[in-house]
Amino acid sequence: MLIRVATEQDWTDIYPFYAATMAEGKTYAFPPDQSLEEARPWWMEQPPGRTVVAVDGDVVVGSAKMGPNRPGRGSHVATASFLVDPAHQGRGVGRALGRYTLDWCRAEGFHGIQFNAVVESNHRAVHLWRSLGFDVIGTVPEAFDHPQDGLVGLHVMYQRLR
């Protein structure tokens, strides 16, 4: 598996699993019914951010976007979001994207990285981020309307990078 900066041409390969993830409604509070063009700015970051893809041969199996969490006086803390094609889950794609993101954030000089909204019932993601050094620093109760679990919390997760 190779992780590289996403090109505009990669968007048509990312979009099907982006749309499927948003339609499933279990992990992101993004709009569920976006067209290809409506969804593009929600995922394809512009500088100083970055969007990357994980590829296996010629197949895009996952993607991540990263950059400053806030502008100005908050720009020393990064944030990131991750998608893995459901057909390729369980193969270490998310972990590889997470490690890439942490390395990139350190190289870019970020002081820390904050995930603003990790769905508390997304146990696989919470476990992954904890295993990569993140802590849950707070949970907003009932902030996410999960299609099966009802109202669940959103974790704010953080890792100091330097």
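Keep in mind the model is a prediction, meaning the values are calculated, not measured.

A. The arrangement of the packing of aromatic side chains in detail. The tally for this structure, following the rule as stated, stands at 14 aromatic pairs. Where Trp-129 meets Phe-134, the ring centres are 6.1 Å apart and the plane angle is 70 degrees; that geometry is what we call edge-to-face. Like Phe-134, Trp-129 is buried. An aromatic cluster is defined as three or more aromatic residues linked by ring pairs; in this entry it consists of Trp-11, Tyr-15, Tyr-18, Tyr-28, Phe-30, Trp-42 and Trp-43.

B. Focus on the sheet that holds strand β4 (residues 77–84). The mixed open sheet is built from 7 strands, whose spatial order is β1-β2-β3-β4-β5-β7-β6. For this open sheet the edge positions go to β1 (2–5) and β6 (135–146), each flanked by a neighbour on one side alone. Sheet twist, expressed as the average angle between the axes of neighbouring strands with direction ignored, equals 25 degrees. The sheet contact formed by β6 and strand β7 (residues 150–160) spans 8 bridges and is antiparallel.

C. Spatial organisation of the nonpolar core. In this structure, Leu-97, Ile-113, Phe-115 and Trp-129 are the most contacted members of the largest nonpolar core, which totals 27 residues. Breaking this core down by element, the ones donating at least two residues are β2 (50–56), β3 (59–68), β4, α3 (93–107), β5 (112–119) and α4 (123–131). Considering every element that reaches this core, the biggest residue donor is α3, with 5 residues. With residues near it in sequence (within four places) discarded, Phe-115 still touches Thr-79, Ala-80, Phe-82, Trp-129, Phe-134, His-155, Val-156 and Met-157.

D. Here's a closer look at unusual backbone geometry. Cis rather than trans, the peptide bond between Pro-47 and Pro-48 has omega equal to 15 degrees. With respect to the element layout, Pro-48 can be found in the loop between α2 (36–43) and β2.

E. Expanded view of the pattern of salt bridges. Considering all chains together, one arrives at 6 salt bridges under this definition. Among the ionic pairs, Arg-4 bridges to Asp-10, the shortest N-O distance being 2.7 Å. For Arg-4, a relative accessible area of 29% gives the class partly exposed. Judged by its relative accessible area of 5%, Asp-10 is buried. Notably, a salt bridge pairs Lys-26 with Glu-24, separated by 3.9 Å at the nearest N-O pair. The exposure class assigned to Lys-26 is partly exposed, which follows from its relative accessible area of 28%. Given a relative accessible area of 43%, Glu-24 falls into the partly exposed group. Put simply, Glu-8, Glu-37 and Arg-40 are held in one network by salt bridges that share partners.

What counts, and at which threshold
- Residues numbered from 1 in each chain as written.
- Predicted model: local features only at pLDDT ≥ 70, side-chain atom pairs only at ≥ 80, totals over all residues.
- Heavy atoms only, no water.
- Phe/Tyr/Trp six-rings, centres within 6.5 Å; stacked < 30°, edge-to-face > 60°.
- Buried < 20%, exposed > 50% of the residue type's maximum accessible area, 1.4 Å probe, protein only.
- Pairing = 2+ DSSP bridges.
- Helix = DSSP H or I, 4+ residues; strand = E, 2+ residues; numbered from the N terminus.
- Axes fitted to C-alpha atoms, helices over the stretch in contact; angles between N-to-C directions.
- Core = buried A, V, L, I, M, F, W, Y, C linked by side-chain atoms within 4.5 Å.
- Contact = heavy atoms within 4.5 Å.
- Salt bridge = Lys/Arg side-chain N within 4 Å of Asp/Glu carboxyl O.

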